[in-house]
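Structural characterization, general
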Amino acid sequence: MKRLLLLIALMGVLFGAFSQKMPVSYDFGEKLNDRYRYSNLVTIDNDGDGGYVLVRSYFQGLILKPKGYLIEHYNKDLELVSQYNYKLKGLQFVDGFIKNGQLKLLFFNYDFERGFYEYQAHTSNLVNFSFEKEQLLKFVTPAVEGAFGKNYYNRDFKKGFSTTLLFNAEKTGFIISTHHKKNKENKHTIHLFDADLNKRWEHDFSAEVAEKNYAFENLAISGNGNEAFIVGKAYFKKKRFKAEERKFQYELIKVNGGVAKTQSFDNPGKFSEGLYPILSKGKLYCVGFYADRKDNRYNGLSFFELDATSLTVLNKKYNPFTDQFMDDKFGRGENEFVNNLVFKGVTVTDENDILFNAEEYFVTHSMHNTGAGQRIKVDRFHHNDIVSVKLNTNGDMLWARNINKAEVTQGDGAYASYSSYSKDGDTYFFLSTAAENPQLINNERLVFKQGLTGNRNVFLISLDENGKMDYEKVIDAKEARLPLMVSKPLINTKTDELLFYAKRGNKKQLVKVAFN
């Protein structure tokens, strides 16, 4: 009997050890009814007391139109404690966050009666949600289509006015870039704000746009909050190009209010294709991709260490994609090329190694008949392969891996794409898919397909410190009846937890995933 009990206990230990190999656990909040069937999650943040605040824009009517924002407040046990309907329409939502117990929502708007664009901040406490409005900036100019935004591939600077707002990764501050063209006037201004909505400075960037137009993409802010390091595409205005050549170069711009410095990175036979600025332990780096000719083909990884004061390049490395990476992506013997990569996550480890990942993202367009004799343009947003890379601080590539997936959406992209988290030198990727299992081709290529059903499993893919890949289904669709908005989690690095919002139709639920 003792031997039998010992055998049962040993089997239990072995089953517990092998039943789940990924170091995560998860909790489901109560499944709740939701009257707002059509909505998009626009922001999610910690309330500062262990709880969470979520903001959704919702749509109603026979022809769906935006009607306002539903604000939901949950406690640490994932219980809904209050909600508030902020009936606001006509403004373009930009971003939202919580600072010092205050919910701050940022909007962009055009006042047609008075003829100006403006950025507004709507701020409220978390108790009775009484919002106060504040105008951050305004610009007197005629209205143009698509004035606000960030387009990774094609920017139109001929409309007369364009603007964008970028936060840094830590959300300690943000910049607002405005480019206003009227007749011979060509004015580009950069404004820096902290998280308390105080304007730190305003810089006239107009001299730099005499020869180039700038489309900003990524931002880092110094620890004192006064210096902005902005990466963007600089589009040449007067150079002649061949039809297949790109018309831009990537630049890093450092602005402290009074002075702006720029640094470009292209070298003979090496052209930057996406860069991300990193400030870590007094060091300034830019990491990204490069091409060996002026087209849209990526050939490898680029690394630059710069002097944070002068922007002088101290060290640079170009690492071609490895055979393993190309086999991951295309299989052996295929002659394809890599392009359209957009940054999703960057982490500096305790050992000062740099982990970053990007997604193959692009948009396609087509015309469709409505059935009523009309043709409409349909945009499709493609969220494809994941690229994950590890560099040391000398710029040497330790490994690069590709995870194959193919997802396309016409509307809310929250359920597509992925989220990532790094812990103890390992990188983890959360994917939500209707597939029961990924395809493993030749024991080396991992392929996730979108699937056709509404129920979606959650897979966790891991890359260890040596780039070895593993995966596991961590949440089954039969258990999680509601699909997770897998690309929009709230990440808490202090507690090693991710909070996901799950919703379908008139049902909603929170799911918390914790790393053990």
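Heads up: the structure comes first, above all this text.
In this report, we go over the structure that sits alongside the text. In this text, all values refer to a predicted model and were calculated from it rather than measured experimentally. (Residues numbered from 1 in each chain as written. Predicted model: local features only at pLDDT ≥ 70, side-chain atom pairs only at ≥ 80, totals over all residues. Heavy atoms only, no water.)

So, the overall build of the protein chain
In terms of regular secondary structure, the protein chain is built from 2 helices and 35 strands. By the compact-globule yardstick of 24 Å for 516 residues, the protein chain fits well, its C-alpha radius of gyration being 24 Å. In terms of its C-alpha atoms, the protein chain occupies a principal-axis envelope of roughly 95 × 55 × 55 Å. With 516 residues in all, the protein chain has 53% of them scored as buried. A fraction of 49% describes how many contacts in the protein chain between residues 6 or more apart in sequence connect residues 24 or more apart. Of the accessible surface of the protein chain, which amounts to about 25,200 Å², a share of 47% is contributed by carbon and sulfur atoms. (Helix = DSSP H or I, 4+ residues; strand = E, 2+ residues; numbered from the N terminus. Rg over C-alpha atoms; globule rule 2.2 N^0.38 Å. Buried < 20%, exposed > 50% of the residue type's maximum accessible area, 1.4 Å probe, protein only. Contact = heavy atoms within 4.5 Å. Areas by Shrake-Rupley, 256 points an atom, 1.4 Å probe, with all protein chains shown as cover.)

Let's talk about the sheet that holds strand S4 (residues 52–60)
Ordered in space as S3-S4-S5-S6, the 4 strands form an open sheet in which the pairing is antiparallel. Strand pairing shows two members of the sheet lacking a second neighbour, strand S3 (39–46) and strand S6 (80–86), which therefore form its edges. In this sheet, neighbouring strand axes are inclined to one another by 20 degrees on average, regardless of whether the strands run parallel or antiparallel. Judged from the 6 bridges that link them, strand S5 (residues 65–74) and S6 form a sheet pairing that is antiparallel. Bridge pairing in S6 links His 73 to Ser 82. (Pairing = 2+ DSSP bridges. Axes fitted to C-alpha atoms, helices over the stretch in contact; angles between N-to-C directions.)

Observations regarding helix H2 (residues 323–330)
Of the residues making up H2, those classed as buried are Phe 325, Asp 328, Lys 329 and Phe 330. End-on view of H2: buried residues confined to an arc of 165 degrees, all on one side of the axis. Where the residues of H2 are buried, they touch strand S24 (354–369), strand S25 (375–391), strand S26 (397–409) and strand S30 (445–449). Backbone geometry just after H2 places Gly 331 at a positive phi near 85 degrees. (Arc of directions from axis to C-beta.)

Considerations on the nonpolar core
Of all hydrophobic cores here, the largest spans 22 residues; its most connected members are Val 287, Phe 289, Leu 301, Phe 356 and Leu 391. Mapped onto this core, the elements with two or more residues apiece are strand S19 (271–280), strand S20 (283–291), strand S21 (300–306), H2, strand S23 (341–348), S24, S25 and S26. (Core = buried A, V, L, I, M, F, W, Y, C linked by side-chain atoms within 4.5 Å.)

Concerning the layout of surface pockets
Left-over empty space is what a probe sized like a water molecule reveals as it rolls over the atoms. Looking at the second largest pocket, its volume works out to about 450 Å³. Of all the secondary-structure elements, those providing two or more residues to the lining of the second largest pocket are S3, S26 and strand S34 (497–504). If you tally residues by element for the lining of the second largest pocket, the top one is S26, at 3 residues. Residue classes in the lining of the second largest pocket are distributed as 7 nonpolar, 6 polar and 6 charged. (1 Å grid on protein atoms, 1.4 Å probe; cavity = no way out; pocket = protein on both sides within 12 Å on 5 of 7 lines; lining within 4 Å. Points joined across faces, edges and corners; volume = space filled by probe spheres on them. Nonpolar A, V, L, I, M, F, W, Y, C, P; charged D, E, K, R; others polar.)

Quick look at the side chain of Ser 388
Along the chain, Ser 388 turns up in strand S25. Contact partners of Ser 388, with chain neighbours within four places excluded, come to Phe 356, Asn 357, Trp 399, Ala 400, Arg 401, Thr 427, Phe 429 and Leu 463.

Section: the pairing of strand S13 (residues 185–194)
With respect to burial, S13 is a largely interior element, 8 of its 10 residues being buried. With 10 bridges joining them, strand S12 (residues 173–182) and S13 adopt antiparallel strand pairing. Paired with Ile 175 across the strands is Leu 192, a residue of S13. The loop that links S12 with its antiparallel partner S13 comprises 2 residues; one of these, Asn 183, has a positive phi angle of about 55 degrees. Sheet topology places S13 next to strand S14 (residues 199–204); 5 bridges connect them, and they run antiparallel. Note on S14: the bridge partner recorded for Thr 189 is Asp 204. Linkage of S13 to S14, two consecutive antiparallel strands, is achieved through a turn of 4 residues, within which Leu 197 is found at a positive phi near 70 degrees.

Concerning the sheet that holds strand S10 (residues 132–140)
Taken in spatial order, the 4 strands of this open sheet run S7-S8-S9-S10, and their pairing is antiparallel. On the outer flanks of this sheet lie strand S7 (92–99) and S10, each paired with one strand and no other. Across the sheet, the mean angle from the axis of one strand to that of its neighbour is 20 degrees, orientation sign disregarded. Pairing analysis gives 10 bridges linking strand S8 (residues 102–111) to strand S9 (residues 116–125), with the strands arranged antiparallel. Paired with Asn 109 across the two strands is Glu 118, which belongs to S9.

Quick look at a positive patch on the surface
Together, Lys 31, Lys 478, Arg 481, Arg 504 and Lys 507 make up a region of like positive charge exposed at the surface. Within the secondary structure, Lys 478 is located in the loop between strand S32 (469–475) and strand S33 (490–492). Owing to a relative accessible area of 69%, Lys 478 belongs among the exposed residues under this scheme. (Patch = residues over 30% accessible without salt bridge, like charges linked within 9 Å, V, L, I, M, F, W, Y side chains within 5 Å. Salt bridge = Lys/Arg side-chain N within 4 Å of Asp/Glu carboxyl O. Lys, Arg positive; Asp, Glu negative; His and termini not counted. Charge placed at Lys NZ, Arg CZ, Asp CG, Glu CD.)

Quick look at the environment of Lys 187
By the element assignment, Lys 187 lies in strand S13. Since its relative accessible area comes to 33%, Lys 187 is described here as partly exposed. Ignoring sequence-local partners within four residues, the contact set of Lys 187 consists of Thr 178, His 179, His 180, Asp 204 and Ser 206. At 3.2 Å, the side chain of Lys 187 and the side chain of Asp 204 are in polar contact. (Polar contact = N/O pair within 3.5 Å; in protein donor to acceptor, adjacent residues only side chain to side chain.)

What about the packing of aromatic side chains?
For the structure on display, the rule yields 43 aromatic pairs. Ring geometry for Phe 108 and Tyr 117: centres 5.1 Å apart, planes at 5 degrees, overall stacked. In terms of burial, Phe 108 and Tyr 117 fall into one category: buried. Note on Tyr 276 and Phe 343: the rings are 5.5 Å apart at their centroids and 55 degrees apart in plane angle, and the pair reads as tilted. (Phe/Tyr/Trp six-rings, centres within 6.5 Å; stacked < 30°, edge-to-face > 60°.)

Focus on unusual backbone geometry
You will see that Ser 417, though not glycine, has its phi angle at about 65 degrees, which is positive. With respect to the helices and strands, Ser 417 occurs in the loop between S26 and strand S27 (419–423). With relative accessibility at 2%, the residue Ser 417 sits in the buried group. Here Asp 424, not a glycine, exhibits a phi torsion of approximately 55 degrees, which is positive. By the element assignment, Asp 424 lies in the loop between S27 and strand S28 (426–433).

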